[in-house]
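Spelled out from the first residue to the last, the chains are:
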Amino acid sequence: GEDVEQSLFLSVREGDSSVINCTYTDSSSTYLYWYKQEPGAGLQLLTYIFSNMDMKQDQRLTVLLNKKDKHLSLRIADTQTGDSAIYFCAEGSRAGNNRKLIWGLGTSLAVNP
Amino acid sequence: EAGVTQSPTHLIKTRGQQATLRCSPISGHTSVYWYQQALGLGLQFLLWYDEGEERNRGNFPPRFSGRQFPNYSSELNVNALELEDSALYLCASRTRVNTGELFFGEGSRLTVL
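To start, this report covers the structure provided alongside it. (Residues numbered from 1 in each chain as written. Chains lettered and ligands numbered in written order. Predicted model: local features only at pLDDT ≥ 70, side-chain atom pairs only at ≥ 80, totals over all residues. Heavy atoms only, no water.)

Re the overall build of chain A
In terms of helices and strands, chain A carries 0 helices and 11 strands. Moving toward the C terminus, one meets the helices and strands of chain A in the order β-β-β-β-β-β-β-β-β-β-β. In summary, chain A has a C-alpha radius of gyration of 14 Å against a globular reference of 13 Å for 113 residues, a match within 12%. Taking the principal axes of its C-alpha atoms as reference, chain A extends roughly 45 × 30 × 20 Å. Of all 113 residues assigned to chain A, the portion counted as buried reaches 45%. Within the structure as shown, chain A displays about 5700 Å² of accessible surface, and the carbon and sulfur contribution to it stands at 48%. Across chain A, the mean location of the 11 positive side-chain charges is 6 Å away from that of the 13 negative side-chain charges. (Helix = DSSP H or I, 4+ residues; strand = E, 2+ residues; numbered from the N terminus. Rg over C-alpha atoms; globule rule 2.2 N^0.38 Å. Buried < 20%, exposed > 50% of the residue type's maximum accessible area, 1.4 Å probe, protein only. Areas by Shrake-Rupley, 256 points an atom, 1.4 Å probe, with all protein chains shown as cover. Lys, Arg positive; Asp, Glu negative; His and termini not counted. Charge placed at Lys NZ, Arg CZ, Asp CG, Glu CD.)

Have a look at this one:
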């Protein structure tokens, strides 16, 4: 069945770049998402990318998509302590009216001062 | 504009009891999703409601049920509570005509003793 995989932990120093990786299996994915969950809070959409795009940049965030390898990455430039959170990768596909999202387990990002 | 609101924020029950969690979507959103986020298990899809009907269901036993009201708010009911039902229950809503982005509430933390 469909699956999304992420590494569970990442630790970086403040000011460095963070790269969070995700692989997925569903070749019919339409959109791929990155959500952020801060401690004790719900999830918040950070960014998304259409499956026909290779890259999307939004301020400090860069999303790279390698559709051939089914690999998605999120790069956070100049990582700050406020970026410490869990980052979820999700892929969405659509079959008729049935939208489906498959979630990764989340990558816990720790930013050390 | 108000976001997705969930109540209660915390709920403590004992085994065998029943729990009811509530969710109000963003105004204009017709779809509501429920997720369970247990420690170490990531986001597990529970239920999807759209226009008052259950559209999809995750791999959970029938004691997890819910409904969506005419105003698109939703309830999640968990009967015969078990210890492993302790988790953060997240509600999310979305419109029909967009990229499929989900807007999450902050969750209801259910503790079963």
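Having put the structure on the table, let's press on.
Focus: the layout of surface pockets
Space inside the largest pocket adds up to approximately 460 Å³. For the largest pocket, the lining is made up of 22 residues, of which Q37(A), I86(A), Q37(B), L39(B) and G40(B) are closest to its centre. Only β9 (85–95) and β11 (107–112) of chain A provide two or more residues apiece to the lining of the largest pocket. The element contributing the most residues to the lining of the largest pocket is β9(A), with 3 residues. Taken together, the residues of the lining of the largest pocket break down into 12 nonpolar, 8 polar and 2 charged. (1 Å grid on protein atoms, 1.4 Å probe; cavity = no way out; pocket = protein on both sides within 12 Å on 5 of 7 lines; lining within 4 Å. Points joined across faces, edges and corners; volume = space filled by probe spheres on them. Nonpolar A, V, L, I, M, F, W, Y, C, P; charged D, E, K, R; others polar.)

Here's the deal with the interface of chain A and chain B
Taken residue by residue, the interface counts 18 residues in chain A and 20 residues in chain B. Taken together, both faces of the contact between chain A and chain B bury some 1500 Å²; the carbon and sulfur share is 54%. Inspection of the chain A/chain B interface yields 0 salt bridges. Counting across the chain A and chain B interface gives 3 residue pairs in polar contact (both at pLDDT 80 or more). For the side of chain A that touches chain B, the secondary structure elements donating two or more residues are β4 (31–37), β5 (43–50) and β10 (98–103) of chain A. Taken together, the residues that form the side of chain A that touches chain B break down as 12 nonpolar, 5 polar and 1 charged. (Contact = heavy atoms within 4.5 Å. Buried area = accessible area lost by both parts, 1.4 Å probe. Salt bridge = Lys/Arg side-chain N within 4 Å of Asp/Glu carboxyl O. Polar contact = N/O pair within 3.5 Å; in protein donor to acceptor, adjacent residues only side chain to side chain.)

Points about the packing of aromatic side chains
With the rule as written, the count across this model stands at 15 aromatic pairs over all chains. Relative to Y48(A), the ring of Y33(A) has its centre 6.3 Å away and its plane inclined at 45 degrees; by these criteria the two rings are tilted. Remark: Y48(A) occurs in strand β5 and Y33(A) occurs in strand β4; sequence separation between them is 15 residues. The residues Y33(A) and Y48(A) share a single accessibility class, namely buried. Feature note: the residues Y31(A), Y33(A), Y35(A), Y48(A), F50(A), F88(A), W103(A), Y35(B), F45(B) and F104(B) constitute an aromatic cluster, connected by ring pairs. Across the ring face of Y48(A), the terminal group of K56(A) is positioned such that the distance to the ring centre comes to 4.0 Å. (Phe/Tyr/Trp six-rings, centres within 6.5 Å; stacked < 30°, edge-to-face > 60°. Lys NZ or Arg CZ within 6 Å of the ring centre and 35° of its normal.)

So, the state of the cysteines
In protein structure, a disulfide is the covalent linkage between the sulfur atoms of two cysteines. All names here are of chain B. One pass over the structure, following the stated rule, counts 2 disulfides over all chains. What pairs with C23 in a disulfide is C91, and their sulfur atoms sit 1.8 Å apart. One disulfide, between C23 and C91, carries an S-S torsion of -60 degrees and so falls in the left-handed class. Here C23, found in strand β3 (residues 19–24), pairs with C91, found in strand β9 (residues 87–94); they are 68 residues apart in sequence, far enough to count as distant. Classification of C91 as buried rests on a relative accessible area of 0%. (Disulfide = S-S within 2.5 Å.)

With respect to a nonpolar patch on the surface
Among the surface-exposed residues, L8(A), F9(A) and L105(A) lie close enough to one another that they form a single nonpolar patch of about 340 Å² accessible area. For L105(A), the location among the structural elements is in the loop between β10 and β11. (Patch = residues over 30% accessible without salt bridge, like charges linked within 9 Å, V, L, I, M, F, W, Y side chains within 5 Å.)

Honestly, it's all geometry; don't read function into it.
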